[in-house]
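Here is what each chain is made of, one letter per residue.
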Amino acid sequence: MEEAITDRPVVALVGFVAVIVVLLFLIARYKWHVFAALLVPIVLLGFAPTIDRTVFIEAFEKGFGSTIQSIAVVIVLGTLIAEALRNTGAVERITRSMLRLVGKRNMSLALTLAGFVIGLAVFSDVGYVILNPLVHVAALETGVTMSAMATGLVGAMQLTHAVVPPTPGPLAAAAVVEADIGVIILYGSVVTLFGSLMGWLYARLVGPRITSPPSEEYRGRGIDADSERRLPPLGWSYAPILVPLALIGGSSAADFALSEDNPVHGLAVFLGWPVFALGVGVVLAYVLAWRSGNIEDSRTLRETWVENALKGSAMIIMVTGLGGALSELLQATPTVDVIAENTLDLGIPSILLPFILGVLANVITGSTTVGVITASSLTAPMLPTLGLSPEAAMLSAASGSVIIKYFNSSYFWVCTTLSGMSLRAALLSYGGVTLVGGASSMVAVVILWSLGLI
């Protein structure tokens, strides 16, 4: 935008700091919904002195509209896939395939790897609700604590949910910074796999020392219970996740390897268009639903699954739009250069700024989605000055948004309650693994950035 909403750097800087402080305060202190908590301070910013309110309105509408138009349909499609996987038994089938892959002696590793895959499509708290009985059974059969068995799973699901599309948070953040989703999927998978394995090692080290017995009500059920015969086929369970990722990745590869006038390039780009790729995932997910016998008629899809998905995605879409508006407003002020230049003058590596913003937003609000969207929105206008690529900034912000899950996180309470842990045990286990996983992922991001890969 050519016009600025104010030419006073101090007014702009104080105003945006106030927006973030009010946002975090309304969520942490008064438990406001994040949409209202973000909208109110942004609108109030328009009353600051020296603000050109006509330009302010134009910037808000441009940022909100451009962000929504690029991401809304994709978020809905991703949520539709998650709803189908949750209801068909695909989550359990994926988990059991990991158990077979690494063997019963390595059940905690199997659960960690399953969490890594499941977090790509299913909300973390939903994934843990589904897998909780299996975690208790595994802990009983192997004679270990719940901390040793569940901690790696909890950390891995949160990592991929926060960092790797097609889950809504990273999709939204990628849209805000205009990152290549295929590149985010590729390198996001690399950094989160490293972070997940570090979390599993943390669980092996700390878990046996934490008193957290599994529930006796699950004794005797067995990992190989008869219910497995009612689960969907393995290939169909993975297909709604892996096929869209492959199509999107293929589009990024075509951009890199082929010229734009190559007809194969055009086809690959269309097939990897997130709307098309996730649309294919939705079709595969609902074919899976019919094959598995988990729906009786089309009304189940139309009136239950689809409506649940639409309700679940609405909040993410609106918050993402406000994040885009905030980013556009920030870009229309001198604040961008002030923050970026001061960061560099202080000797802080530019890659750390999105990470720090993600940590602060997550720790204060308890929301990974709020963390990654807020950090990405604030960082996006500074990218040219900071010398960061959109992909590096987004992966840094996402890694920070995982640190640390504790009292104000709904995911923390879901995992704590269902696993039957004491508060102290949960803080050491789940708070600890999200700290280790997020920090380890960030180390991997820094390495990739240093090598010039992102």
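Residues numbered from 1 in each chain as written. Predicted model: local features only at pLDDT ≥ 70, side-chain atom pairs only at ≥ 80, totals over all residues. Heavy atoms only, no water.

Visitor: How would you sum up helix H18 (residues 390-400)? Please name residues and give values.
Guide: The element H18 is largely enclosed, with a buried count of ten among its eleven residues. Glu391, Ala392, Ala393, Met394, Leu395, Ser396, Ala397, Ala398, Ser399 and Gly400 are the residues of H18 that are buried. (Buried < 20%, exposed > 50% of the residue type's maximum accessible area, 1.4 Å probe, protein only. Helix = DSSP H or I, 4+ residues; strand = E, 2+ residues; numbered from the N terminus.)

Visitor: Describe the side chain of Ser196, listing the residues and the values that go with them.
Guide: Of note, Ser196 is situated in helix H9 (residues 181-206). What makes Ser196 buried here is its relative accessible area of 3%. Filtering out sequence-adjacent residues up to four positions away, Ser196 remains in contact with Thr112, Phe116, Ala156 and Leu159. (Contact = heavy atoms within 4.5 Å.)

Visitor: For the packing of aromatic side chains, give the residues involved together with the corresponding values.
Guide: As enumerated under the stated definition, the model contains four aromatic pairs in all. Seen in terms of ring centroids, Phe270 and Trp273 are 5.8 Å apart; in terms of plane orientation they differ by 40 degrees. Their pairing is tilted. For Phe270, a relative accessible area of 45% puts it in the partly exposed group. Residue Trp273 is classed as partly exposed on the basis of its relative accessible area, which comes to 44%. Taken together, the aromatic side chains of Phe270, Trp273 and Phe276 make up a single cluster linked through ring pairs. (Phe/Tyr/Trp six-rings, centres within 6.5 Å; stacked < 30°, edge-to-face > 60°.)

Visitor: So what's going on with the pattern of salt bridges? Which residues, and what values?
Guide: Per the stated rule, a full pass over the model turns up one salt bridge. Lys62 is the partner of Glu328 in a salt bridge, and the nearest nitrogen-oxygen pair spans 3.6 Å. With Glu328 in helix H13 (residues 298-331) and Lys62 in helix H3 (residues 53-88), this residue pair connects regions lying 266 residues apart in the sequence. The class of Glu328 is buried, set by a relative accessible area of 11%. Given the relative accessible area of 43%, Lys62 is considered partly exposed. (Salt bridge = Lys/Arg side-chain N within 4 Å of Asp/Glu carboxyl O.)

Visitor: Account for a negative patch on the surface, naming residues and giving values.
Guide: Taken together, the side chains of Glu3, Asp52, Glu58 and Glu61 make up a negatively charged region of the molecular surface. Assignment of secondary structure puts Glu61 in helix H3. With a relative accessible area of 53%, Glu61 lands in the exposed category. (Patch = residues over 30% accessible without salt bridge, like charges linked within 9 Å, V, L, I, M, F, W, Y side chains within 5 Å. Areas by Shrake-Rupley, 256 points an atom, 1.4 Å probe, with all protein chains shown as cover. Lys, Arg positive; Asp, Glu negative; His and termini not counted. Charge placed at Lys NZ, Arg CZ, Asp CG, Glu CD.)

Visitor: Provide a residue-level description of the packing of H9 against helix H20 (residues 423-450), including the pertinent values.
Guide: Contact pair H9 / H20: the axes reach a minimum separation of 8 Å and the direction vectors enclose 140 degrees. It follows from the interaxial angle that H9 and H20 lie oblique. Of the two elements, H9 crosses H20, and the hand of that crossing is right-handed. Residues Tyr187, Val191, Thr192, Phe194, Gly195, Met198, Gly199 and Tyr202 of H9 lie in contact with H20, whose contacting residues are Leu428, Ser429, Gly432, Val433, Val436, Gly437, Ser440, Ser441, Ala444, Val445 and Leu448. Per-class residue counts for the contact of H9 with H20 are eleven nonpolar, eight polar and no charged. (Axes fitted to C-alpha atoms, helices over the stretch in contact; angles between N-to-C directions. Parallel < 35°, antiparallel > 145°, perpendicular 65-115°, else oblique. Left-handed = near helix turned anticlockwise from the far one by under 90°. Nonpolar A, V, L, I, M, F, W, Y, C, P; charged D, E, K, R; others polar.)

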